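Residues per chain are reported as follows:
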Amino acid sequence: MIKWPKDVVSDISRRRCVIFLGSGISMNSVNAAGRRPMTWRAFLESTLEDINPRAHIKKLINESDYLTACEVIKRELGKEEFTRIVKDEFLTPAYMPADIHKKIFALDSRIVATPNFDKIYETYANSEANGSIVVKQHYDSDVISSIRGSGRLILKVHGTIDSPDNLIFTRAEYAEARTKYATFYEVLEALALTHTFVFLGCGVNDPDIKLLLEDTLFKHNSSRSHVMLLPKTALHNSVIAVIQDTMNLNIIQYSDKNNHKELLESINNLVQLVEAERDELKINMNW
């Protein structure tokens, strides 16, 4: 079982936390036919069948340069065909929420952010909250107003499959978004200075995460660490030390045996710890 830092429990209890959900969380879901969402790598590899030659794209994928690989694939297939493939993977299968989505929702974090295109978490969350949770994309002009409000909020960092023309999926789209929607990324940076981010189902190579955490550390000399949960097999200990020092991260490792059972049980335990602390806050009023 993961031993949760007291500061993390406190920040979630006081709703001074941003839960950041990566594709690893979506992969827990299945649809009626038992199909699971692909990893980013698997999705890119699945698009190569009709592209020839493709060795140069495979090389990019093997080097984990997914943004460039995706850019090349989109240009090779054409925008219309690429959009069809993206919808077939992230929308059409109708993935159902997994137990881990339900436990994350039970944490009742006021702000949840995700680069995932799918709608698995937001659909479940809004069904439980009777549609009261606001969902904002990186291109919305009123994100700041939503954050300053008191309601629950889901930030779609790379867009949603509902609007495939506005997805951030390729190198060109990522570069354009960083300039065109600079205000949105400034908002994320501000949240990283005032809130604790808890990264679930994410990797340390995600360009948004790297830029966000490196900026807040070196530009603002931020001292409070954010938290990322990773399987014990994900990184060598020497690499973890470097990542923690350069990204201001506290990396908490867990066993990925039995489909990441320890992570699910630990989040359930975190829900209990947060609920207990909130009950205490009701008494001592030390919000």
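Anyway, here's the lowdown on the structure attached to this text. Just so we're clear, the structure is a prediction, and the values are computed from it rather than from any experiment.

### Looking at the overall build of the chain
So, point 1. Of regular secondary structure, the chain possesses 14 helices and 7 strands.
So, point 2. The globule rule puts the C-alpha radius of gyration for 287 residues at 19 Å, and the 19 Å found for the chain is close to it.
So, point 3. Dimensions of the chain, computed from C-alpha atoms along their principal axes, come out at roughly 65 × 45 × 40 Å.
So, point 4. Within the chain, residue pairs in contact and separated by at least 24 positions form 70% of the contacts whose partners lie at least 6 positions apart.
So, point 5. Computing the positive centroid from 35 side-chain charges and the negative centroid from 38, the chain places the two 3 Å apart.

### Some points on the packing of helix α1 (residues 6-13) against helix α14 (residues 257-284)
So, point 1. Relative orientation of the contacting elements α1 and α14 amounts to 65°, with a least axis distance of 9 Å. Judged by the twist between their axes, the crossing of α1 over α14 is right-handed. Of the residues in α14, those in contact with Val9, Ser10, Ile12 and Ser13 of α1 are Leu270, Leu273, Val274, Glu277, Arg278 and Leu281.

### Here we look at the packing of aromatic side chains
So, point 1. Scanning the model with the defined rule gives 14 aromatic pairs in all.
So, point 2. Note on Phe82 and Phe169: the rings are 5.8 Å apart at their centroids and 55° apart in plane angle, and the pair reads as tilted. Placement of Phe82 in helix α6 (residues 79-90) and of Phe169 in the loop between β4 (153-156) and α10 (171-180) is noted, with a sequence separation of 87 residues between them.
So, point 3. Pairing Phe90 with Phe169 gives two aromatic rings, centres 6.4 Å apart and planes at 70°, and the pair type is edge-to-face.

### A look at the nonpolar core
So, point 1. Ranked by internal contacts, the top residues of the largest apolar core, which has 34 residues, are Leu155 and Phe199.
So, point 2. Top element by residues in this core is helix α11 (residues 182-194). It accounts for 6 residues.
So, point 3. Aside from chain neighbours lying at most four places away, what touches Phe199 is Phe20, Ile209, Leu213, His226, Val227, Met228, Leu229 and Leu249.
So, point 4. Formed by 30 residues, the second largest nonpolar core is a distinct cluster that contains Ile19, Ile100, Ile154 and Val227.

### As for helix α4 (residues 55-62)
So, point 1. Within α4, burial applies to Ile57, Leu60 and Ile61. Buried residues in α4, looked at end-on, bunch into an arc of 100°, giving them a common side. Exposed positions of α4 whose direction lies more than 90 degrees from the buried face are Ala55, Lys59 and Asn62.
So, point 2. The elements touched by buried residues of α4 are α3 (40-46) and α5 (66-77).
So, point 3. Within two residues after α4, Ser64 carries a phi angle of roughly 65°, on the positive side.

### Topic: unusual backbone geometry
So, point 1. With omega at 5°, the peptide bond leading from Asn52 into Pro53 counts as cis.
So, point 2. When you line up the elements, Pro53 lands in the loop between α3 and α4.
So, point 3. Of note in this structure, Asn130 is not a glycine but carries a positive phi near 55°.
So, point 4. For Asn130, a relative accessible area of 74% translates into the label exposed.
So, point 5. A positive phi angle, close to 60°, is found at His260, a residue other than glycine.
So, point 6. Take His260: it is sitting in helix α14.
So, point 7. Residue classification places His260 among the partly exposed residues on the basis of a relative accessible area of 31%.

### Examining the pairing of strand β5 (residues 196-200)
So, point 1. With 5 of 5 residues buried, β5 is to be regarded as a mostly interior element.
So, point 2. What you see with β5 is no split at all: Thr196, Val198 and Leu200 on one side and Phe197 and Phe199 on the other are buried throughout.
So, point 3. Note that β5 and strand β6 (residues 226-231) share 2 bridges and pair parallel. Bridge pairing links Val198 to Val227 in β6.

### Structural notes on the packing of helix α12 (residues 207-218) against helix α13 (residues 237-247)
So, point 1. At their nearest, the axes of α12 and α13 sit 8 Å apart, and the two run at 60° to each other. Compared by their axis directions, α12 and α13 come out oblique. On α13, the residues touching Ile209, Lys210, Leu213, Glu214, Leu217 and Phe218 of α12 are Asp245, Thr246 and Met247.
So, point 2. Grouping the constituent residues of the contact of α12 with α13 by class yields 5 nonpolar, 1 polar and 3 charged.

Calculation criteria
Residues numbered from 1 in each chain as written. Predicted model: local features only at pLDDT ≥ 70, side-chain atom pairs only at ≥ 80, totals over all residues. Heavy atoms only, no water. Helix = DSSP H or I, 4+ residues; strand = E, 2+ residues; numbered from the N terminus. Rg over C-alpha atoms; globule rule 2.2 N^0.38 Å. Contact = heavy atoms within 4.5 Å. Lys, Arg positive; Asp, Glu negative; His and termini not counted. Charge placed at Lys NZ, Arg CZ, Asp CG, Glu CD. Axes fitted to C-alpha atoms, helices over the stretch in contact; angles between N-to-C directions. Left-handed = near helix turned anticlockwise from the far one by under 90°. Phe/Tyr/Trp six-rings, centres within 6.5 Å; stacked < 30°, edge-to-face > 60°. Core = buried A, V, L, I, M, F, W, Y, C linked by side-chain atoms within 4.5 Å. Buried < 20%, exposed > 50% of the residue type's maximum accessible area, 1.4 Å probe, protein only. Arc of directions from axis to C-beta. Pairing = 2+ DSSP bridges. Parallel < 35°, antiparallel > 145°, perpendicular 65-115°, else oblique. Nonpolar A, V, L, I, M, F, W, Y, C, P; charged D, E, K, R; others polar.

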